[in-house]
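The lines below spell out each chain.
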Amino acid sequence: MVEVVKQTSQGSVTLARLGHGEIVGEMALFDNAPRSATVVAVEKTTLLSIDRLQIDAKIRNADPTIALLIDTLTNRLRSMQSLVGAPGLTQSVAEPGESALLSARAGTEDVRQILRFERQLIAGLENDQFFVEFQPIMSLETHDLVGFEALVRWRHPDLGNVSPQRFIPVAENLEAVVHLDREIIARSLSFIAEANQARHDACAKTRDCPPIHVSFNLSTVRLSDGSVISDIDAALSAHTVNPAMLKVEVNEQVLIRDAQQAIAILSELRTRGIGVLLDDFGTGYSSLSYLARLPIDILKVDRSFVKAMTRSQQSKTIMASICAMARALGKDVVAEGIERPEQAEMLTDMGCSYGQGYHFAAPMAAKDALEFIHSVTPVDAEPDRFILNQNGT
Ligand code: C2E
Ligand code: CA
Ligand code: CA
């Protein structure tokens, strides 16, 4: 149990006692005013602390009405607090679970879990627990390697490997996402340099060896925030890499949510030669007129279409139409989640340009990706003979 204590001219006054599972915090975190009360543990207590970074990010990302509400409540609480200890006023102590603000036990466990996860994530960033894997993207026409997608990984000492689908949405609610994105961009750029060096070494005897690009997934929240441009510019000047080798993957949600801002940012990136991929294409609300207006170079068709394609004629027709439409709009297509050779063949017949999936290779560590480059790069000057992966597919 802890007590919230205020020092007054008449001595120390206990404002509240809080028990297991309750939340206590300094109002100074919200309004930067001087601290006016102290929290004292009156028995052995374990605290889960939440830092200013987490609180700031929550308020910044919240609805402006909530920020206003916090402001109003803080002011009212401050004026109530100023009365404590005033002559003639009796003070009752809120017991554990009593305080209107602090007693909402329902959902407390969930909130605590989320807050703990957020802290683990911030600590993970500080302790270098994040790394990036690279998954090859292949030309379906030439069977050559054209690039890689950078996919972030988190290996936590207790939680093990945490899926990006779980931690990315949490990071997006925190300032941490900016640091994570910077890390991913920096690693993608170093990998571009290493990959093209490996390509150059492996390709020395051939005439035509196209360079290797790397695409990274830009967090949805970053597309409503212009700072991503300066982050990418800073990273590009720190690494001597041709910007045309870098691509960004964005999903439709962001383009729907804040279309104008997102379009402005993507157009700005394209002026630097950075290509834009529309990820998970087909799962959102894409309309043809909308597609034509977007600053997009490549459609990345969601793996659900590739999966469905071999099961029904109708799904196959849809996939073929997407490829034809993309061609008509002058955009390339990457089909995701190709797991079987017949899917690759079918997509090649449809004129789909690129493919990615376990059939070619799973995401892998940077050093394995460099070996992969050697294993798929043409070994002599004959244009159509490549050594593919070990089973020759
Ligand atoms: P995504 O961008 O659609 O990434 C493709 C996901 O499909 C990856 O999962 C990849 O490992 C998986 N995959 C690749 N080939 C196959 C296949 O043949 N079959 C199947 N079933 N799956 C395949 P992962 O790495 O778990 O990433 C999941 C999602 O998390 C990504 O979906 C993306 O939305 C997000 N994500 C991953 N890395 C990053 C990142 O660096 N930044 C951001 N903002 N989001 C990321
Ligand atoms: Ca992606
Ligand atoms: Ca995708």
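As shown above, the structure is provided for reference.
Residues numbered from 1 in each chain as written. Chains lettered and ligands numbered in written order. Predicted model: local features only at pLDDT ≥ 70, side-chain atom pairs only at ≥ 80, totals over all residues. Heavy atoms only, no water.

One pass over the full model with this rule turns up one disulfide. Between the sulfur of Cys 203 and that of Cys 209 lies a disulfide, 1.4 Å long from S to S. Between Cys 203 and Cys 209, the disulfide has an S-S torsion of 50° and is therefore right-handed. Assessed through its relative accessible area of 6%, Cys 203 is described here as buried. The cysteine Cys 323 is free of any disulfide, with Cys 352 supplying the nearest cysteine sulfur at 4.1 Å. Its relative accessible area of 2% is what places Cys 323 among the buried residues. (Disulfide = S-S within 2.5 Å. Buried < 20%, exposed > 50% of the residue type's maximum accessible area, 1.4 Å probe, protein only.)

Glancing now at the sheet that holds strand S2 (residues 11-18). Two orientations exist for strands paired in a sheet by backbone hydrogen bonds: parallel and antiparallel. One open sheet accounts for three strands, arranged S2-S1-S3; its pairing is antiparallel. The open sheet has two edge strands, S2 and strand S3 (38-41), and neither has a second partner. Each strand of the sheet is rotated relative to its neighbour by a mean of 35°, with strand direction disregarded. As paired elements, strand S1 (residues 2-8) and S3 share four bridges and run antiparallel to each other. Its bridge partner lying in S3, Val 4 is registered against Val 39. (Pairing = 2+ DSSP bridges. Helix = DSSP H or I, 4+ residues; strand = E, 2+ residues; numbered from the N terminus. Axes fitted to C-alpha atoms, helices over the stretch in contact; angles between N-to-C directions.)

Turning our attention to the side chain of Glu 249. Looking at the secondary structure, you find Glu 249 in strand S8 (residues 246-251). By relative accessible area, which is 1% here, Glu 249 ends up buried. The residues touching Glu 249, leaving out its near neighbours within four places in the chain, are Glu 149, Ser 215, Phe 216, Asn 217, Leu 218, Leu 277, Asp 279 and Lys 300. (Contact = heavy atoms within 4.5 Å.)

Another point: the nonpolar core. Counting 84 residues, the largest nonpolar core has Phe 148, Leu 255 and Leu 347 as its most contacted members. The element that contributes the greatest number of residues to this core is helix H6 (residues 176-202), accounting for eleven residues. In terms of nonpolar packing, the next biggest core, distinct from the first, is built from six residues, Val 4, Ala 16, Leu 18 and Ala 37 among them. (Core = buried A, V, L, I, M, F, W, Y, C linked by side-chain atoms within 4.5 Å.)

To continue, consider the coordination of the calcium ion (ligand 3). Around the calcium ion (ligand 3), the protein supplies Asp 279 (OD), Asp 280 (OD), Glu 336 (OE) and Glu 336 (OE) as donor atoms, at distances of 2.2 to 2.5 Å. Here the donor residues of the calcium ion (ligand 3) share one chain and are spaced in sequence as D-D-x55-E. A gap of 4.1 Å separates the calcium ion (ligand 3) and the calcium ion (ligand 2), which Asp 279 links by coordinating each metal. One end of the pair, Asp 279, is in strand S9 (residues 275-281); the other, Glu 336, is in the loop between strand S11 (332-335) and helix H13 (341-349), and 57 residues separate them in sequence. Using a relative accessible area of 9% as the deciding quantity, one classes Glu 336 as buried. (Donors = N, O, S within 2.8 Å, 3.2 Å for Na, K, Ca; no water.)

All right, on to the pairing of S2 then. Every regular strand shows the same layout, with side chains that alternate between the two sheet faces. Pairing geometry for S1 and S2, over seven bridges, is antiparallel. Bridged to Val 4 within S2 is Ala 16. Between S1 and S2, which pair antiparallel in sequence order, lie two residues.

Shape descriptors only; they carry no functional weight alone.
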